[in-house]
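Descriptive structure summary
Here's the letter readout for the chains.
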There are 2 protein chains.
Amino acid sequence: MADTARHSEPRYGNRPTMKDVAARAGVGLKTVSRVVNAEPGVTPDTERRVQEAIDALGFRRNDSARVLRKGRTASIGLVLEDLADPFYGPLNRAVEEVARSHGALLINGSSAEDPDREQELVLALCARRVDGLIIIPAGHDHRYLEPEIKAGVATVFVDRPAGKIDADAVLSDSFGGARSGTAHLVAHGHRRIGFIGDQPRIHTAVERLRGYRAAMAHAGLPVDDSWVSLGTTAPDRVHEAVVSMLKAPEPVTAILTGNNRVTVTVVRALAAHDRPVALVGFDDIELADLLDPGVTVIAQDAATLGRTAAERLFRRLDGAADAPNQVVVPTRLIARGSGELPPSADR
Amino acid sequence: MADTARHSEPRYGNRPTMKDVAARAGVGLKTVSRVVNAEPGVTPDTERRVQEAIDALGFRRNDSARVLRKGRTASIGLVLEDLADPFYGPLNRAVEEVARSHGALLINGSSAEDPDREQELVLALCARRVDGLIIIPAGHDHRYLEPEIKAGVATVFVDRPAGKIDADAVLSDSFGGARSGTAHLVAHGHRRIGFIGDQPRIHTAVERLRGYRAAMAHAGLPVDDSWVSLGTTAPDRVHEAVVSMLKAPEPVTAILTGNNRVTVTVVRALAAHDRPVALVGFDDIELADLLDPGVTVIAQDAATLGRTAAERLFRRLDGAADAPNQVVVPTRLIARGSGELPPSADR
DNA sequence: CATTCACCTGACAACGTTGTCCAGGGCCTA
DNA sequence: TAGGCCCTGGACAACGTTGTCAGGTGAATG
């Protein structure tokens, strides 16, 4: 009864191989290969016999072996920060769409904003010999990628630039977006504007803060330290920041938020507040138009980010060898009400 | 100058192999393998020499080759409907988390609700010899998977059951959720309740419709054909359905929606309507609590779905051989206002 | 000093596929 | 009918890794 496994026991689940198919069809190994790959040079009759054997045995070509022989895996890795963040959904899909159109599969994983985990994941992908990598970096030092890139792994960074290496990157215009969002609030009469952003480790967080400061400076407005809060996007910290900005002796009359998670928390916090406070959020959020007032946002085009990055990656894989460069995707301010509220009466 | 590539040109980007490392370190091939895999039986001195060669050459083990030899790829495939749908984000992440804890990578793709594309994707994953599959099925016939399952590919279906084969499945309680949502509306005095759901090809859509009908029947209420709309979740179709239900001679006073995308569209449509209409939505949506009124929903626990499925998958991979079974994850009704509105005055 | 034994080390085959190359046979033409 | 050519088919090696097994060295023991 016992199926005699020779030494250990590879052969996956005892799947038939081309050899088995060849034996059953009474042809040579290579002929089976030709049929499977629709290569020319096989008589219709022989082809039919081989095909029957394939169907009868339930043979399916082992791409692992194929990859080993051919040197290309037809798969790319996508490392993002959190698979569950709605901002990355459209990006993920756009990348998948492009990969699919190039016949490649997508392997992905989350770094959870942890540089070590990012590196571990990226190197695991390299060990699988993905043809290319699209990375939303969590860390600031990507020199560990140098040997990989030199060995031919095409690499494109998205949303944030690479650290300490020269690589392609596709970024949103964080600085410009934050600046125009802030200017929008200033234009509506606000002079004390708060900024609540993500951790200063994160490139986009810093850029957005810079944009905010630039707009304030341009308007000749001071920025009080108590109006700026950077840190994790955990709801309780953000909530606390909102409360302290509003309870201060010189309370802010408007807030600029640094990303979608912060925006959502701030909307909640402001709903519980008595005076209206203006709000402009970075990243669009679903249903923002249905709230009262609608949430004015600086929308990023996540799908374009992903598509652009993936297209650049495949252009590299097709041999494009021009110097690495950065593409900046513009943002768009969508006015819905919350950013157009006038300053509420002072204390 | 020209690097003489012997025949074609495999060797990825001319990456060093264990052979190269061995030559440089002046040791045998297998010794390098031992060092790389931290196997016992290597003198510290030899190990150091090998390690130096590894670092100098920038060697990284080729897992493709390893996989071929070992028979396990330590990767699983996740096929879902749309990577960008916020409902699948937490599910995706939960699966990834479990995979990660088992040292496996996640390959994923979208079926776009197209059975052919689902099959194509699944078979591509099988050709890569993923160890297991987690599938949110788009099609209704999965007999094409039989040879794969027989060959040892562990397979778990999520959100919707497998078609025509006996396989593990982890489902939400669509029927019970829709029934309790409908009963909730009935309890608040509604007698004419509409249902707007997804395409009847989709299992959950049918189950939810069944739950709705069951609750109506249980309450002794008739269901007029014009109150039920099944089809794509495209906003214009859904919008049209809302309008026609509200403009009918016997207009509905409440609506039950079949999924998150429908709910969002209906919220928009109702906002433009003059009379208040009660609403209960299937699936929770972000910010639902901030709308006015808050949106009452039947919440599904997508993360639990994903985690449960992934855990079952790995239990199978670890050898669990009990009969395939179905797990049903309960839903939870979250009352926020929209589902508690009384029927508005008749015409 | 010889023998045993433990421990390291390396040669070799195998995983399943594809590229190369050659052999055999049929068919056309001279 | 012989010669040559094209078309089909198969043997073989190679991709980079790991399992098996045998050889070799040094220390410990009788």
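Predicted model only: the values in this text are computed from it and were never measured.

Next up on the list: the environment of A:Leu29. Along the chain, the position of A:Leu29 falls in helix H2 (residues 29–36). Considering only alpha carbons, one finds A:Leu29 and A:Ser111, 82 residues apart in sequence, at a separation of 44 Å.

Below, the discussion takes up the pattern of salt bridges. Under the criterion given, the structure shown has 48 salt bridges over all chains. A:Arg93 serves as the salt-bridge partner of B:Asp82, at 2.8 Å between the closest nitrogen and oxygen. Of the two residues, B:Asp82 is situated in the loop between strand E1 (75–80) and helix H5 (88–101) and A:Arg93 in helix H5 (residues 88–101); the pairing between them involves two chains. A relative accessible area of 12% means that B:Asp82 is categorised as buried. Here B:Asp168 makes a salt bridge to B:Arg316, at a shortest N to O gap of 2.6 Å.

Turning our eyes to something else, we now look at the pairing of strand E3 (residues 132–135) of chain B. Residues and elements named next belong to chain B. Residues of E3 alternate between two faces, with Gly132 and Ile134 on one and Leu133 and Ile135 on the opposite face, all of them buried. Bridge count between E1 and E3: four bridges; the pairing is parallel. Bridge pairing in E3 links Gly77 to Leu133. The pairing of E3 with strand E4 (residues 154–158) spans four bridges and is classified as parallel. The residue bridging Ile134 from the neighbouring strand is Val156, located in E4.

Attention now moves to the interface of chain A and chain B. Contacts between chain A and chain B engage 58 residues on the former and 59 residues on the latter. In this assembly, chain A packs against chain B so that about 5600 Å² is buried in total across both faces, 53% of it on carbon and sulfur atoms. A:Arg117 is paired through a salt bridge with B:Glu97; the nearest N and O atoms lie 3.7 Å apart. The tally of links from chain A across to chain B stands at 22 residue pairs in polar contact (both at pLDDT 80 or more). Elements with a contribution of two residues or more to the side of chain A that touches chain B: helix H4 (63–70), H5, strand E2 (105–110), helix H6 (115–127), helix H7 (146–150) and helix H11 (260–271) of chain A. The residue inventory of the side of chain A that touches chain B, partitioned by class, reads 29 nonpolar, eleven polar and 18 charged.

Further remarks concern the relation of the copies chain A and chain B. Superposing the two chain copies requires a rotation about an axis and a translation along that axis. Least-squares fitting of chain A to chain B yields an RMSD of 0.1 Å, with the transformation described by 0.0 Å of translation along the axis and a rotation of 180°. In short, the pair behaves as if placed about a two-fold rotation axis. When C-alpha distances to the rotation axis are compared across chain A, the minimum falls at A:Ile107, with a value of 2.1 Å. In this assembly, 100% of the residues forming the interface of chain A have copies in chain B that are likewise at the interface, indicating an isologous arrangement.

A water-sized probe rolled over the atoms picks out the places where empty space is left. Using the criterion set out here, one finds three cavities of 30 Å³ or more in the structure. For the largest cavity, the calculated volume is near 230 Å³. A:Ser64, A:Ser75, A:Arg128, B:Ser64 and B:Arg128 are, among the 15 residues lining the largest cavity, the residues nearest its centre. Of all the secondary structure elements, the ones that give two or more residues to the lining of the largest cavity are H4 of chain A together with helix H4 (63–70) of chain B.

Residues and elements named next belong to chain A. The strand order across the open sheet built from six strands is E7-E6-E8-E9-E10-E12, with neighbouring strands paired in mixed fashion. Since the sheet does not close on itself, it has two edges, and those belong to strand E7 (228–230) and strand E12 (332–334), each with one partner. Across the sheet, the axes of successive neighbouring strands diverge by a mean angle of 15°, strand direction being ignored. Two elements, strand E6 (residues 193–197) and E7, share three bridges in a ladder whose sense is parallel. Within E7, the residue paired with Gly197 across the bridge is Leu230. Against the sheet, H11 touches E6, strand E8 (254–257) and strand E9 (278–282), its axis set at about 160° to E9.

Moving on to the protein's contact with DNA strand C. The environment of DNA strand C is made up of 28 residues, and the closest members are A:Arg69, B:Thr31, B:Arg34, B:Thr43 and B:Thr46. Take A:Met18: an N or O atom from its main chain is 2.7 Å from a phosphate oxygen of DNA strand C. Here A:Ser33 contributes a side-chain N or O atom positioned 2.9 Å from a phosphate oxygen of DNA strand C. Residue assignment for the surface near DNA strand C shows that the elements contributing at least two residues are H2 and H4 of chain A together with helix H2 (29–36) and H4 of chain B. In terms of residue class, the surface near DNA strand C is made up of eight nonpolar, ten polar and ten charged.

This part is about the environment of A:Ala138. All names here are of chain A. Locating Ala138 in the fold gives a position in the loop between strand E3 (132–135) and H7. Classification of Ala138 as buried rests on a relative accessible area of 4%. When the C-alpha positions of Ala138 and Phe157 are compared, they lie 11 Å apart, and in sequence the two are 19 residues distant. If sequence neighbours within four positions are ignored, Ala138 has contacts with Ser111, Glu113, Asp114, Pro115, Glu118, Arg160 and Arg201.

With that settled, the discussion passes to the environment of A:Leu78. Residue and element names in this part refer to chain A. Residue position: Leu78 is located in strand E1 (residues 75–80). Each C-alpha atom, one on Leu78 and one on Leu91, is 10 Å from the other, the two residues being 13 residues apart in sequence. When residues no more than four places from it in sequence are discounted, the contact partners of Leu78 are Asn92, Val95, Leu106, Ile107, Asn108, Gly109 and Ile134.

All right, on to the UniProt feature "domain: HTH lacI-type" (unreviewed entry) in chain A then. Those residues carrying the UniProt feature "domain: HTH lacI-type" (unreviewed entry) are residues 16–70 of chain A in this numbering. A distance of 21 Å separates the end C-alpha atoms of residues 16–70 of chain A, which is 69% helix and 0% strand.

What follows is about the protein's contact with DNA strand D. With respect to spatial proximity, 29 residues lie near DNA strand D, and among them A:Gly28, A:Thr43, A:Thr46, B:Met18 and B:Arg69 are the closest. Across the atoms of DNA strand D situated within 4 Å of the protein, the share located in sugar and phosphate is 61%. Between DNA strand D and A:Arg34, the relevant distance is 2.9 Å, taken from a base nitrogen to a side-chain nitrogen or oxygen of the residue. A distance of 3.0 Å is found between a phosphate oxygen of DNA strand D and a side-chain nitrogen or oxygen belonging to B:Arg66. Elements that contribute at least two residues to the surface near DNA strand D include exactly H2 and H4 of chain A together with H2 and H4 of chain B. When residues in the surface near DNA strand D are grouped by element, the largest group, five residues, is from H4(B). Here the surface near DNA strand D is built from residues that sort into eight nonpolar, ten polar and eleven charged.

Calculation rules
Residues numbered from 1 in each chain as written. Chains lettered and ligands numbered in written order. Predicted model: local features only at pLDDT ≥ 70, side-chain atom pairs only at ≥ 80, totals over all residues. Heavy atoms only, no water. Helix = DSSP H or I, 4+ residues; strand = E, 2+ residues; numbered from the N terminus. Salt bridge = Lys/Arg side-chain N within 4 Å of Asp/Glu carboxyl O. Buried < 20%, exposed > 50% of the residue type's maximum accessible area, 1.4 Å probe, protein only. Pairing = 2+ DSSP bridges. Contact = heavy atoms within 4.5 Å. Buried area = accessible area lost by both parts, 1.4 Å probe. Polar contact = N/O pair within 3.5 Å; in protein donor to acceptor, adjacent residues only side chain to side chain. Nonpolar A, V, L, I, M, F, W, Y, C, P; charged D, E, K, R; others polar. Least-squares fit on C-alpha atoms with pLDDT ≥ 70 in both. 1 Å grid on protein atoms, 1.4 Å probe; cavity = no way out; pocket = protein on both sides within 12 Å on 5 of 7 lines; lining within 4 Å. Points joined across faces, edges and corners; volume = space filled by probe spheres on them. Axes fitted to C-alpha atoms, helices over the stretch in contact; angles between N-to-C directions. Near = heavy atom within 4 Å. UniProt positions renumbered as here; feature names shortened; annotations may be inferred.

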